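Tertiary structure, described
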Amino acid sequence: MTLLGTVEEIWRYPVSSLGGEQLASVQIEEDGVPADRTWCVVDAHTGLAASPEKEERWRPALFLQSRLAATAPEIGFPDGNWLAVTDPETDLKLSQHFGFDAAVWPYEKAKGSAQKSGRLAVDRYEPSPLHLVTTSSLDHLSNLIGTDSVHSRRFRPTIVLRTYGDPEFREKAWIGQRLQIGPEVVALAWEETKRCGLTLIAQPGVSENPEILRTVLRQNRRNFGIYGSIETAGALSLGDSVHLLGA
């Protein structure tokens, strides 16, 4: 096995398009991190999910946070308040935040969570069980743009892998290969990740920067990071080693 690096960040995004939560450890299942992207913010009239990468009116979504609580995901607002997605007050607070009628709905995969309204949101894309980026790619992009750093939060990964050596788009070389992630998880890297306008939008602690997407488009055909499927589920913790197993 070839050592690729160590797990530096693990993320879960209980509500799609909102900020997520960093985890110290997680039990990854075949469909990915439990409770990841199981809810979304929608237009209360049309039921269409938020699309901050396409519609400017949804960009305030990136200034909301989400986390998994004991019974349901919670949304964190800029005033410091957290409300459960099932709380009757949450839709009103979301509408005030966006300036139009908004609500939070579960996706079908949010097991047992649809009792709030009986409504289910339609996912705008097929989410991948694993989304990985490396520090080599982040450093390479920073060098190309000429900034001190490019934050991983722009790309909303499941895992950030600390890698070593020269900065480059490292993970693209692993497509079609199996990865041993920690002592138990085995994943197949199957596709590079196509990027959209979400990468350039401002969020807390990160300023708007159109050069992010322009550079990824010019230098790597709009790809940054990789998607993967989970072949063997298991536990994963920060600091775990990641190895290349081969095809």
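Now for a description of the structure that goes with this document. (Residues numbered from 1 in each chain as written. Predicted model: local features only at pLDDT ≥ 70, side-chain atom pairs only at ≥ 80, totals over all residues. Heavy atoms only, no water.)

With that settled, the discussion passes to the overall build of the protein. Along its length, the protein carries three helices and 16 strands. Relative to the compact-globule value of 18 Å for 247 residues, the protein shows a C-alpha radius of gyration of 18 Å, a close match. Considering only C-alpha atoms, the protein reaches an extent of 50 × 40 × 30 Å along its principal axes. Counting across all 247 residues of the protein, residues that qualify as buried make up 50%. In the structure as shown, the protein presents an accessible area of about 11400 Å², 48% of it carried by carbon and sulfur atoms. Positive and negative side-chain charges of the protein, numbering 25 and 32 respectively, have mean locations separated by a distance of 4 Å. (Helix = DSSP H or I, 4+ residues; strand = E, 2+ residues; numbered from the N terminus. Rg over C-alpha atoms; globule rule 2.2 N^0.38 Å. Buried < 20%, exposed > 50% of the residue type's maximum accessible area, 1.4 Å probe, protein only. Areas by Shrake-Rupley, 256 points an atom, 1.4 Å probe, with all protein chains shown as cover. Lys, Arg positive; Asp, Glu negative; His and termini not counted. Charge placed at Lys NZ, Arg CZ, Asp CG, Glu CD.)

A word on the nonpolar core. Judged by nonpolar contacts, the single largest core of 23 residues is most densely connected at Val15, Val41, Ile75, Leu94 and Phe98. Among the elements of the structure, strand 5 (39-43), helix 1 (90-98) and strand 9 (102-106) are those that each provide at least two residues to this core. The residues touching Ile75, leaving out its near neighbours within four places in the chain, are Val15, Leu18, Leu64, Gln65, Asn81, Trp82, Leu83, Val85, Thr90, Leu94 and Val104. (Core = buried A, V, L, I, M, F, W, Y, C linked by side-chain atoms within 4.5 Å. Contact = heavy atoms within 4.5 Å.)

Each pair of packed helices can be described by the angle between their axes along with the distance between the axes. It is at 10 Å that the axes of helix 2 (residues 135-145) and helix 3 (residues 211-220) come closest, and there the two elements cross at 105 degrees. Comparing the axis directions of helix 2 and helix 3 gives the class roughly perpendicular. Between helix 2 and helix 3, the residues in contact are Leu141, Leu144 and Ile145 and Glu211, Ile212, Thr215, Val216 and Gln219, respectively. Grouping the amino acids of the contact of helix 2 with helix 3 by side-chain chemistry returns five nonpolar, two polar and one charged. (Axes fitted to C-alpha atoms, helices over the stretch in contact; angles between N-to-C directions. Parallel < 35°, antiparallel > 145°, perpendicular 65-115°, else oblique. Nonpolar A, V, L, I, M, F, W, Y, C, P; charged D, E, K, R; others polar.)

The next point concerns the environment of Pro14. Mapped onto the elements, Pro14 comes out in the loop between strand 1 (2-12) and strand 2 (15-16). Spatially, the C-alpha atoms of Pro14 and Ser207 are 23 Å apart, while their sequence positions differ by 193 residues. Among residues more than four places away in sequence, those in contact with Pro14 are Glu21, Ala35, Arg37, Thr38, Trp39, Ser66, Arg67, Leu68 and Pro73.

Let us look at the sheet that holds strand 8 (residues 82-84). Pairing is antiparallel in the open sheet, where three strands are placed in the order 6-7-8. Taken across any chain shown, the strands that pair with only one partner, and hence form the sheet edges, are strand 6 (65-68) and strand 8. Taking each pair of neighbouring strands and ignoring which way they run, the sheet shows an average axis angle of 30 degrees. (Pairing = 2+ DSSP bridges.)

This paragraph deals with the pairing of strand 1. Where strand 1 meets strand 16 (residues 241-246), four bridges bridge the pair, whose relative direction is antiparallel. Bridging across to strand 16, Thr6 finds its partner in Ser241. As paired elements, strand 1 and strand 11 (residues 159-162) share four bridges and run antiparallel to each other. When the sheet's bridge partners are listed, Glu9 is paired in strand 11 with Val160.

The three strands lie next to each other as 2-5-9, forming an open sheet whose pairing is mixed. Taken across any chain shown, the strands that pair with only one partner, and hence form the sheet edges, are strand 2 and strand 9. Packed on one face of the sheet, helix 1 meets strand 5 and strand 9 and runs near 130 degrees to strand 9.

The element strand 9 is extensively covered by neighbouring structure, given that five of its five residues are classed as buried. Side chains Ala102, Val104 and Pro106 of strand 9 all project onto a buried face; the interleaved residues Ala103 and Trp105 project onto the opposite face, where all are buried too.

Our next topic: the pattern of salt bridges. Overall, the coordinates contain 13 salt bridges when judged by the stated rule. Across the pair Asp43 and Arg57 runs a salt bridge whose closest N-O atoms are separated by 3.1 Å. With Asp43 in strand 5 and Arg57 in the loop between strand 5 and strand 6, this pair connects stretches of sequence that are 14 residues apart. Classification of Arg57 by relative accessible area gives partly exposed; the value is 33%. For the salt bridge of Asp79 with Lys93, the shortest nitrogen-to-oxygen distance reads 2.6 Å. With a gap of 14 residues between them, Asp79 in the loop between strand 7 (73-76) and strand 8 and Lys93 in helix 1 connect regions that are remote in the sequence. A residue is classified by how much of its surface remains accessible, and Asp79, at 46% relative accessible area, is partly exposed. (Salt bridge = Lys/Arg side-chain N within 4 Å of Asp/Glu carboxyl O.)

When we look at burial in helix 1, the residues that qualify are Thr90, Leu94, Ser95 and Phe98. All buried residues of helix 1 lie within an arc of 135 degrees about the axis, which places them on one face of the element. For helix 1, the elements touching its buried residues are strand 5, strand 7, strand 8 and strand 9. Immediately beyond the C-terminal end of helix 1, within one or two residues, lies Gly99, with a positive phi of roughly 90 degrees. (Arc of directions from axis to C-beta.)

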